[in-house]
Amino acid sequence: MSWYRVVLAAAGLLLVLPTADAAYRFSTPGGKSLLLTGYLRQHMAVNLEDHPEADASGMGRLDGKGDISMMRSTFRLEAKADLGWAQFVTIYRFDREQETGFLDDINDTINANNAPLRLNNWMDDVEGDQMREWYGVFDIGPRVRATLGKQQVVWGETDFFRGMDIIHGFDLRWRSFLETENEELRKPLILANVEIDIPELDGILQLVYRPGWDKGKALGNGLDIRGGRWATQPNKGIDFLPLLPYNYDHPGADTDDPNYGFRWIGHAWGWDYSLNYWRGLNNDPIGNPQAFLGTPFGAAPSNPFVLGELIFPKVETFGATVTGYLEGVDSVLRVELAFTPNKPYNAGPDVGLAGPVPGSTIWVPGLGGVVERDTLISMVGIDKQLKGLGRLLNTSQFPLFSVQVFDTWLMDFDGDDHIVETFGFGAERHEHTTILTGLLQLNYDNSTVNPSIAGVVDATNGDVVIIPALDLVYGDHWRIHTDLDLFLIKNQRNVKNFGGFYLPEDTFATRAEDDTHLIGTFANNSQFNLRVTYQF
Amino acid sequence: MTRSTTRVSPAWICAAMYLGLSCAGAVRAELAAGTEISAANWEQVRQETFEGKTIESMVPVSIQKAIKEYNFKIWLKNSEPLLMANHILDATEKYQGTAQYDPQTRQVTGYVAGIPFPDLDAVAQMAPEIAGDLMFYNVFFARSLDGDYSNCYGPYATVHLNTEKGVERVQGAQAIVLRTMGRTSGGPHQIGDDPNLRKLQIITFDSPYDIAGLGVYRKVYADGRLDDIYAYVKAVRRVRRLSGGSWMDTLAGASLLNDDTFVTEAHPMWYPRIELKEKRWILWPVHSDTVVAHDLAEVLDYQNPPYWNFINKNWEPTEVYVLEVTTPEEHPYGKKTLYMNARIPTFHLSETYTKGGEMWRVIYSGIGPHPYDPADGGPGVYDQYNFGVWDFRSEHGNYMDCGRMDANPPDLRYEDFTQRMLVEAADGKRHGLETEFGEGP
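Residues numbered from 1 in each chain as written. Chains lettered and ligands numbered in written order. Predicted model: local features only at pLDDT ≥ 70, side-chain atom pairs only at ≥ 80, totals over all residues.

Asker: Before we move on, can you summarise the overall build of chain A with the specific residues and values?
Answerer: Within chain A, the secondary structure is distributed over 4 helices and 29 strands. Rg of the C-alpha trace for chain A: 24 Å, near the compact-globule value of 24 Å for 536 residues, within the 12% margin. Considered along the principal axes of its C-alpha atoms, chain A spans approximately 80 × 50 × 50 Å. Taking as baseline every contact in chain A between residues at least 6 positions apart, the subset at least 24 positions apart corresponds to 65%. (Helix = DSSP H or I, 4+ residues; strand = E, 2+ residues; numbered from the N terminus. Rg over C-alpha atoms; globule rule 2.2 N^0.38 Å. Contact = placed C-beta atoms within 7 Å.)

Rendered as structure tokens:
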């Protein structure tokens, strides 16, 4: 396979070049420099639970406990050139995956289920090589700096979830939300990003403009709707894309239209604050149904052979953040608010099509229509160093404890809207959805042995994710990361045996299953993850 | 503070010793400049003298331990006067008496520029805990650094060392300090809007990959407030506020606390008590060779066990005040002993102890005259060109020496000195006039 040759050639190059330090730097008189840095990385994930979905025969289950669900090789190269009057940054990433036995089973199942409607393999979506970022940074006079090109602009103060970090969508198809370094998940965009110092007001005004030159697929959150490794349960093995394609040209959701916004970052009375505005796209895709299923969102899908289409409607969001250090309790406080008027949601939990077997229904909850509701996301987080615990556990740094409450409030909520919480699942959204997250980070042996544990608790619905992790540092080049992703699910949309065939539990029910919330869609995805990195 | 030091003549001391009872025995041999002192000859030379004082009396206990147990070597050099640049002395004279210490709050107000409490002989006569505070404030406000703006940078800014395994990790960084209060290199003494802001400081890493783009921005205040600290984490592309209590946390995986940077960097009021213990002579490299574009092997013996010894051939007798610092309850150290030069405001050495009283870490810093800059006026000024730590409990050490240091380079203004510099550094922007570096490990 040719990609192996590329990776091996790159590895050989790195091992042959003599180096005093862990990055490659070339300098010229006058202060110009070029820095090359990056890594070679091998990811491996192992299923810790059986998957209940049907296999290719329809009469067995996918199972797969103990099987390898990801064997992914990555090469990343960052080049940073400082020419004095400007800096130029390019970031390249090359990903290849091996089709493991488990993935082969999933792909066979997709082939069987999607026989008449087969597209390319979903794995093509998680592999590839991409010039992730390329941009120049230019000083224009003493006060203005312009960053032009494909880049990431990150706003907000929230961890795990996102309030104002909404300029970019995330690619959640290859490792969902579990990769710690979210710069690897964020989808970079072609932007003009201008920052203007206004020291008279102790702040910086940032103006961001997206001319709309990106490809459609660069926008919005990329979810696994193609039946792959990170498809929601019970959808592994079914590629919904033929029935629910993306439409990047919808009049209310055209990805070629410009997006724009600004941020004011200021400092007052010892606190840092920001005010934000972004007119962009709703990062979560919205299902725009055919008229026979529900009420289309503006223009109905033009292709009559689909159930609906996925669109990223235009929305505008107003945000504010405050952060500061509270000396009395020796903690950093983070607060974020993000208000989106008329944010679109899918509604209609019991929308379905008559299945091929009499009495059966193929449920497509959410395709009943789109409801727009004013939405306020609020986050309060506290980061605290546990100095006493450090002495007790003999750590080499103070243990860091971070806890955060993240709430989504539909301000003009009306139960009669029957908004679904997660598209494709019948559970209705509550007025408030509140999620607690916590993180405890420990460091030993000069921060070369770093265990941590993170937890995510859906306080509204009772689902929990626990992520114990261990990061090991060997010298300048080798980094090993392992984690366990343990999903403790209260309610899940399961798969049951109906006369020898494994089908979603609500296939013959009169209503769609209605107890599975966001975290519940990850049921049975608990896994062990190992990541070995050679960095340079 | 005087413009030249008083040299104590060895001959005079010897004559005095003849008259006293303590010299009833043999006349001790006077060692020659250039003599190497090591474990091999420690027992022979410890009672011998250099410039009239016995070697043992001039080597702090921690350095004795390093010589005897860790193969550390020092080389004798005749002492020379320690002088300070005219612009610092002029400011000291001009603003003498403006800085006021309140023994109730332990706060200093009214500081303008120069050394706030220059008459150390008078200070030493005060109550020990007041003398300790005032001496500490001298370093806090007027630490011996050449530049009002200094930039130290290089590909092996931080070296992690293990006494068994040698070099473990090497990190490239730049550390930029901008003095906002008490400036003497030209222009106003104070810049910026906040009259209590003492300095701005940025440390950014550029290698290896996992910390490349990691940066910390600190606003340091004069009034005893904890620092405002921000970190840029490239992996999530966000600037985060950090806890002001981090001053007593470990510095990025090193065997040092943030507090230990350049021996000690905290505000005096953060410690419950700082007490003057004594004035004494020690051997210390206060006239280190100016090292330009050096190979790391010239300054750190990282190729030979125990790998963590720094190399300096200019150990000369110099007079110091010894301060005992009581740490707050949650601080990892039980106490620490600081050695502060009696002539110029700088700490040379910190001996830190566990809560149980065991010697834990030794933090040292060499100092040398910066290349003469006519703009400074008068004699040379001194920079702390390195610092390092030996952790006797973990047998892990660090050596911090950027390799290059610019003083008052012209490329940065106060207005530029914002958190944005963290992002710029992550984008590859480099400050620093030099591009040539020596060989690293």
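That was the structure; now back to the text.
Asker: Help me get a handle on the overall build of chain B, residues and values and all.
Answerer: Helix and strand counts for chain B come out as 9 helices and 22 strands. Per-residue burial over chain B gives 56% buried out of 441 residues. Summarising the internal contacts of chain B: among those between residues at least 6 apart in sequence, 62% fall at separations of at least 24. (Buried ≥ 20, exposed ≤ 12 C-beta atoms within 10 Å, placed from the backbone.)

Asker: Quick one: what's the story with the pairing of strand S9 (residues 197–207) of chain B, residue by residue and with numbers?
Answerer: Residues and elements named next belong to chain B. The buried fraction of S9 amounts to 11 of the 11 residues, a majority that puts the element mostly inside the structure. Pairing of strand S8 (residues 166–179) with S9 involves 8 bridges; the strand directions are antiparallel. Within the sheet, the bridge partner assigned to glutamine 174 lies in S9 and is threonine 204. Note that S9 and strand S10 (residues 215–221) share 7 bridges and pair antiparallel. In the sheet register, lysine 199 faces S10, and the bridge partner there is valine 220. (Pairing = 2+ DSSP bridges.)

Asker: Got a sec to walk through the interface of chain A and chain B? Specific residues and values, please.
Answerer: Contacts between the two partners involve 51 residues from chain A and, on the opposite side, 41 residues from chain B. No other element matches strand S2 (residues 32–47) of chain A, which puts 5 residues into the side of chain A that touches chain B.

Asker: Let's hear about unusual backbone geometry: which residues, and what values?
Answerer: The omega torsion of the bond from glutamine 233 of chain A to proline 234 of chain A falls at 10°, within 30 degrees of zero and hence cis. In this structure, proline 234 of chain A sits in the loop between strand S10 (203–210) and strand S11 (249–250). Omega for the peptide link from serine 207 of chain B to proline 208 of chain B comes to -5°, which places this bond in the cis form. Mapped onto the fold, proline 208 of chain B is located in the loop between S9 and S10.

Asker: A description of the environment of alanine 299 of chain A should follow, citing residues and the corresponding values.
Answerer: All names here are of chain A. Within the secondary structure, alanine 299 sits in the loop between strand S15 (286–289) and strand S16 (308–311). Sequence separation between alanine 299 and histidine 250 is 49 residues, and the spatial gap between their C-alpha atoms is 7.2 Å. Sequence-distant contacts of alanine 299, defined by excluding residues within four places in its chain, comprise His250 and Pro251.

Asker: How would you summarise helix H2 (residues 101–113) of chain A if you had to cite specific residues and measurements?
Answerer: Taking 1.5 Å as the rise per residue, H2 of chain A with 13 residues should run 18 Å; its terminal C-alpha atoms sit 18 Å apart, in good agreement. Tucked into the core, H2 of chain A has its buried residues touching S2, strand S3 (51–54), strand S4 (61–63), strand S5 (68–82) and helix H3 (123–126) of chain A. (Expected span 1.5 Å × (residues − 1).)

Asker: Just give me the short version of helix H4 (residues 61–69) of chain B, but keep the residues and values in it.
Answerer: Because each turn of an α-helix spans 3.6 residues, side chains separated by three or four positions end up pointing in the same direction. All names here are of chain B. Those residues of H4 not exposed but buried are Ser62, Ile63, Ala66 and Ile67. Taken around the axis of H4, the buried residues stretch over an arc of 140°, which confines them to a single face. Opposite its buried face, H4 presents the exposed residues Val61 and Glu69, each directed more than 90 degrees away. Phi turns positive, to about 60°, at asparagine 71, one or two residues after H4. (Arc of directions from axis to C-beta.)

Asker: I'd like a description of the environment of alanine 218 of chain A, backed by residues and values.
Answerer: Residue and element names in this part refer to chain A. By the element assignment, alanine 218 lies in the loop between S10 and S11. Overall, the presence of 20 C-beta atoms within 10 Å leaves alanine 218 in the buried class. C-alpha of alanine 218 to C-alpha of isoleucine 190: the two residues are 28 residues apart in sequence and 9.6 Å apart in space. Beyond its immediate sequence surroundings of up to four residues, alanine 218 is in contact with Lys187 and Leu189.

Asker: Could you give an account of the nonpolar core, naming the residues involved and the relevant values?
Answerer: Residue and element names in this part refer to chain B. Core analysis: the biggest nonpolar cluster contains 134 residues, and Met135, Val159, Leu323, Met340 and Leu422 have the highest contact counts within it. The element best represented in this core is helix H7 (residues 128–142), accounting for 9 residues. With residues up to four places along the chain from it excluded, the contact list for valine 159 reads Val167, Val170, Leu300, Tyr302, Asn398, Tyr399 and Pro441. (Core = buried A, V, L, I, M, F, W, Y, C linked by C-beta atoms within 7 Å.)

Asker: Just give me the short version of the confidence of the model for chain B, but keep the residues and values in it.
Answerer: Detailed conclusions should not be drawn from predicted coordinates in areas where pLDDT is low. All names here are of chain B. Considering every residue of chain B, the mean pLDDT works out to 88; 90% of them sit at 70 or more. In the predicted structure, residues 1–26 sits below a pLDDT of 50 and forms 19 contacts with residues beyond four places in sequence or in another chain. This complex was scored by the predictor with a pTM of 0.92 and an ipTM of 0.92. (pLDDT = per-residue confidence, 0-100.)

Asker: Please give an account of the environment of aspartate 458 of chain A that cites residues and values.
Answerer: All names here are of chain A. For aspartate 458, the location among the structural elements is in strand S24 (residues 449–458). Here aspartate 458 falls in the buried class, since 20 other C-beta atoms lie within 10 Å of it. For the pair aspartate 458 and histidine 481, spaced 23 residues apart in sequence, the C-alpha separation works out to 26 Å. Apart from residues no more than four positions distant in its own chain, aspartate 458 is found in contact with Ile435, Asp463, His517, Leu518 and Ile519.

Asker: Explain the pairing of strand S17 (residues 314–326) of chain A residue by residue, including any values.
Answerer: Residue and element names in this part refer to chain A. In this structure, strand S14 (residues 271–281) lies alongside S17, joined through 10 bridges in antiparallel fashion. Paired with aspartate 272 across the strands is threonine 323, a residue of S17. Looking at chain direction, S17 and strand S18 (residues 331–347) are connected through 9 bridges and run antiparallel. Its bridge partner being in S18, threonine 321 is matched across the sheet by glutamate 336. In sequence, S17 turns back onto S18 through a hairpin of 4 residues, with aspartate 330 there showing a positive phi of about 50°.

Asker: Got a sec to walk through the confidence of the model for chain A? Specific residues and values, please.
Answerer: Confidence along chain A averages 93 in pLDDT terms, with 95% of residues attaining 70 or more. Here residues 1–20 of chain A is modelled with pLDDT under 50, and outside its nearest four sequence neighbours on either side it reaches 13 contacts, counting other chains as well.

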